[in-house]
Protein chains: 4
Amino acid sequence: MIIVLKPNTSKENVARVEELIKRKGLDTHVVNGAEMTVIGCIGDTTRVDPKIFEVDSSVDKVMHVQEPYKLANRAFHPEDSVVDVSGVKVGSGNMAFIAGPCSVETFDQVLEIAKAAKASGANLLRGGAFKPRTSPYSFQGLGLEGLDILYKVKEEVGLPIVTELMSAEYLDIFEEKVDLIQIGARNMQNFDLLKQLGKVKRPILLKRGLNATYEEWIMSAEYIMASGNENVILCERGIRTFESYTRNTLDLQSIPVLKKLTHLPVVIDPSHAGGKWWLVDSMAKAAVAAGADGLMIEVHNDPENALCDGAQSLKPEKFDKLMKELTAIANAVGKTF
Amino acid sequence: MIIVLKPNTSKENVARVEELIKRKGLDTHVVNGAEMTVIGCIGDTTRVDPKIFEVDSSVDKVMHVQEPYKLANRAFHPEDSVVDVSGVKVGSGNMAFIAGPCSVETFDQVLEIAKAAKASGANLLRGGAFKPRTSPYSFQGLGLEGLDILYKVKEEVGLPIVTELMSAEYLDIFEEKVDLIQIGARNMQNFDLLKQLGKVKRPILLKRGLNATYEEWIMSAEYIMASGNENVILCERGIRTFESYTRNTLDLQSIPVLKKLTHLPVVIDPSHAGGKWWLVDSMAKAAVAAGADGLMIEVHNDPENALCDGAQSLKPEKFDKLMKELTAIANAVGKTF
Amino acid sequence: MIIVLKPNTSKENVARVEELIKRKGLDTHVVNGAEMTVIGCIGDTTRVDPKIFEVDSSVDKVMHVQEPYKLANRAFHPEDSVVDVSGVKVGSGNMAFIAGPCSVETFDQVLEIAKAAKASGANLLRGGAFKPRTSPYSFQGLGLEGLDILYKVKEEVGLPIVTELMSAEYLDIFEEKVDLIQIGARNMQNFDLLKQLGKVKRPILLKRGLNATYEEWIMSAEYIMASGNENVILCERGIRTFESYTRNTLDLQSIPVLKKLTHLPVVIDPSHAGGKWWLVDSMAKAAVAAGADGLMIEVHNDPENALCDGAQSLKPEKFDKLMKELTAIANAVGKTF
Amino acid sequence: MIIVLKPNTSKENVARVEELIKRKGLDTHVVNGAEMTVIGCIGDTTRVDPKIFEVDSSVDKVMHVQEPYKLANRAFHPEDSVVDVSGVKVGSGNMAFIAGPCSVETFDQVLEIAKAAKASGANLLRGGAFKPRTSPYSFQGLGLEGLDILYKVKEEVGLPIVTELMSAEYLDIFEEKVDLIQIGARNMQNFDLLKQLGKVKRPILLKRGLNATYEEWIMSAEYIMASGNENVILCERGIRTFESYTRNTLDLQSIPVLKKLTHLPVVIDPSHAGGKWWLVDSMAKAAVAAGADGLMIEVHNDPENALCDGAQSLKPEKFDKLMKELTAIANAVGKTF
């Protein structure tokens, strides 16, 4: 941390600020310039809140040098993490292909989609049981009944399942039945929930908040990790921008950036990002070419009658064709799956 | 709702889409133009999810005409709502002046600030017991101990209290002790929590999400109202923009817009918005001039040693001076308090 | 400027970076910490491009300490600037009330509006002759004919005129006839035009770009000032945000922030910001309460038949009523006009 | 265009609005619903400004159905356009690989880079002569001298050249010497310049504005096309988002969206978007996988001593390796080059 003092700060005040810094367990190094005085803070600044210094009347700015996260930081964990989702490995060259309907509707629907997706190469099954909806009047998902359907399909088809948790109330049943617990964009900074996720044994798929910066997103992963669960997969699902033609803007730069800053696997969700099925094909290819560790794609056998987000779902035959093309791209970038 | 069909949609397909609309309980009216066919949907479209139509292969766009909210809508409730916070009325000319420290630290601290704030004209006391922090390593608030301190100060000073709830786990104790339950920006779309707030008897102070649109924000109020609790106060606290000099950008247009769209009271939090104490003065005045129903201002007796956000807190003497100036502005716009 | 080196940078590389800095005319001061090495650059860093250092393989980050602007910087010019617009002083307590139609349509129209606006207290007349329009098929303004109309009205009514310049091609005629040359949001970073504005004698009204940060905006003023013309007035006209209900979001925090960072006058345009006439009243009051040096308000005698942006124009009688109310607010914040 | 009237609009007012619409050369079709009356406007609405109706006291909303652009619209020009840049075809399967330094520095520098880039497969040479810089104190480019250097290298190496035009003042010399005239992000809505570009014979590379929507961007292309020059190539170069770790966020969804809405070629600039050389590799691959018609990549033989943006430049050997890998991706998506 670097603390820039206001011009013409007196020696007494410099000493006072140094004293304040030292009380937090940090060492100091003062740089006296013609137009400014700067104090370098030396030590573990991760655990010190910079706002404590900002408020001092002699302090002009506080600048970060170190990233504020530790457990998720690649600097302290240089190898890629590999997250094991009930036997499916994700990360470090192992790709997750998560497919399934936006919402769980019926057992037959999920079963049919799951079988087709598996045949096309998907290795994880997704389906929403609890749905976060902007309007209280929209379909809110089948809830526990939906979870049961997913679980039965998993037993029949043999694909581990991914589904969204919206409240700590259901954490026990999710831990029992769900192989990869998804936290949605709107709960990325539900800090209370994040802390509780640290206590479960299941891996977590942490979606990026609609306007989260990389650092905020990684800090939310850090919440889970610092609470005891280091099995976190990051999922980019589009950020809000001024463009309203697409639902959100997919940020594929997140792949190389997150791989530099963290060791966690990065999965891309092109279905939610654009909100249109005809964007999924090119964005899935782009994600694989850019080095993603996996994809999360909505597949529905009857999108025109889907209860939710049919507009962004691929039909099984389109998904099958896409998976074949993705194989060629993966080979071109030196990956196999 | 207006549904625009793709160019050259066949009569059969127009009829099929009409049939689909009618199945949702709406009437239809078809407009055949040279370059487009449009279907007007007539009836209560609030409870119909437009995405169901978007996915149809003959549909180009679905356009909303009515707002998707009912209970919060001024069209169906023309008079201003007045929310009663344990005897303090807010709305329709009655102003809330909510003051207090960002975080509850000690009983003596809160007591001293509360007495000073009350003497200056504040009618509600704020203080954070549970603090949403981006980093798991930052001070997270005193929790239930902080709530107890607030409650004791309330009993001694006689100001109803406002504090943030972060988890449904503590809803019972908040209902018992807290006069106005605050929901923070990061939980504005924690839909599960919103539904549970519908069941409590205490009024809710609903802060705007960092990038929420007016409609999304009102829809979150609608969640609470539709679940049974119509006592909601909206609180603008700044939105994220590209400007990084200030923490957030205060959107004062929200005042006239929300007053047109809804009947709920609108309170402004200039302390969090800018994140700098020297912005509070001018923004508080602007908010009152623009017609806000109240202000939420951080006041701290020792900002330089505050555990959280001291940089945005006013000292009691500055708050006192500000309250006197606000009175002059309020008079100039025809309000008294 | 502070340069943070990568962890474990060798002594040779530290020396090499120091050498690089010194070649740019700056002194250096090295801070060696356990986890980082930092070099403080001492001297006039305004004229050194930080990107030159960023690219060095030993450099991790370059952090600014000083603002990159000089002439516009309040630190070097502590008193408020007062800009003289053909006798109308703006800044340091002197307020500009700029009123008139969005587009110049006819001589009679502008004359009628100008007389009414003047009677209500406006001291500058606005009107668009050259109109920046998103579509090539929209009305582009009357051009030079519009400028002539404005000029004739000015001679008849005696109000100095403000109008937008879109191209250096017309700079001579603007310098001759226009009292305050407006540069629109879309040309805020038309650097070529900015340089040419430095050579004219007329003051410049520089609107904020749709997504300009304060620093970028001030740097555009600096372009004009560094080219020779220090008479710049800054005009906030709303920034683009995710909110689509209003055209843009008016950023009133810009008033106290710009007053702290620069010595230039700050004028607010509530008409363009919201794009709706019924937002003008409350936002104009808020701007005056927050300490603006002036307002720019669209007034039209027949908004329903205006050729451009009628939706955001006040009728003369509404403007008259507003001016009276603004007087009361101005008095409440200790200003008179 | 669909015009939604306010609730309870009288028959007389409906008739009046219809009359207003008809005066603009459109037909009308009125839909009377229980809660709303809607008027469908039939005819060529591209040339009618919707704001004319918005202002009417009986009108609630005006909704667009047709896109506001014609010449750039794929609906009226279903085949891909192929733009010929002095013999290099771009679009419809023909890819542009534009490489070169950010700024032209010396003849030897540009020559060396050009030879290397050509050997690696680049078919167009870029280099900045006039540089748009946020600060008046930053290096502004060599200007006409830089243009001469580029032109001489072109004659020696045989690569057509691409460089940015910042002012109409130099349009003649650009038309003479530059094969593809680049318009930068900050001038995307310099409408005056766009109109003049319609009169030149050279093709135009139109970069997306920092926060332009797809529609605004296409409308700027439409300005050039409507003024007489239909040879426009669109170039995505990143949009501003809240993420500050990267300079901008590359929007690769722009590729499939623009290909659906327009027939113009789409080129991606991964160097400017991220602002870091180590992002270029993965984003270039992603762009090709997603179907881009070309790439614009900064290549510099000595990035550490580049006068501008060295941090985002690839060294020739890295560019060479990338081009080989891009070939594999292009083959995987069925393209050859």
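Predicted model only: the values in this text are computed from it and were never measured. (Residues numbered from 1 in each chain as written. Chains lettered and ligands numbered in written order. Predicted model: local features only at pLDDT ≥ 70, side-chain atom pairs only at ≥ 80, totals over all residues. Heavy atoms only, no water.)

A. Structural detail: the environment of Ile181(B). Residues and elements named next belong to chain B. Here Ile181 is to be found in strand 10 (residues 180-183). For Ile181, a relative accessible area of 0% corresponds to the buried category. Excluding residues within four positions of it along the chain, Ile181 makes contact with Thr163, Leu165, Phe174, Glu175, Leu197, Val200, Arg202, Pro203, Ile204 and Leu205. (Helix = DSSP H or I, 4+ residues; strand = E, 2+ residues; numbered from the N terminus. Buried < 20%, exposed > 50% of the residue type's maximum accessible area, 1.4 Å probe, protein only. Contact = heavy atoms within 4.5 Å.)

B. Representation of the pattern of salt bridges within the structure. What the rule picks out here adds up to 72 salt bridges over all chains. The salt bridge involving Asp281(B) is made with Lys285(B); its shortest N-O contact spans 3.0 Å. Of this pair, Asp281(B) and Lys285(B) both sit in helix 10 (residues 277-289), 4 residues apart, which is roughly one turn of that helix. For Lys285(B), a relative accessible area of 10% gives the class buried. A salt bridge links Glu236(D) to Arg208(D); its shortest N-O distance comes to 2.8 Å. A residue pair is termed long-range when its members are at least 10 positions apart, and Glu236(D) in strand 12 (residues 232-236) and Arg208(D) in the loop between strand 11 (204-207) and helix 7 (214-226) qualify at 28 residues. Neither residue differs from the other here; Glu236(D) and Arg208(D) are each classed as buried. (Salt bridge = Lys/Arg side-chain N within 4 Å of Asp/Glu carboxyl O.)

C. Looking closely at the interface of chain B and chain A. At the junction of the two partners, chain B supplies 48 residues and chain A supplies 47 residues. Summing both sides of the interface, chain B and chain A together bury roughly 4,100 Å²; the carbon and sulfur share of this comes to 49%. Three residues, Val55(B), Tyr137(B) and Glu304(B), lead the burial of chain B against chain A; their summed loss comes to 18% of the area buried on that side. Of the charged contacts in the structure, one is a salt bridge between Glu216(B) and Arg240(A), with a shortest N-O distance of 2.3 Å. Within the residue set of the side of chain B that touches chain A, elements represented by two or more residues are helix 2 (51-54), helix 6 (191-197) and helix 7 (214-226) of chain B. Considering each element in turn, the side of chain B that touches chain A owes the most residues, 5 residues, to helix 7 of chain B. When the residues that make up the side of chain B that touches chain A are grouped by side-chain class, the tally is 17 nonpolar, 14 polar and 17 charged. (Buried area = accessible area lost by both parts, 1.4 Å probe. Nonpolar A, V, L, I, M, F, W, Y, C, P; charged D, E, K, R; others polar.)

D. Seen up close, the relation of the copies chain A and chain C. Rotating chain A by 180° and moving it 0.0 Å along the rotation axis overlays it on chain C with an RMSD of 0.0 Å. Between the two chains, the operation in question is that of a two-fold axis. For chain A, the residue whose C-alpha comes nearest the rotation axis is Phe242(A), separated from it by 3.0 Å. Both copies contact each other with a shared surface, as 96% of the interface residues of chain A are interface residues in chain C too. (Least-squares fit on C-alpha atoms with pLDDT ≥ 70 in both.)

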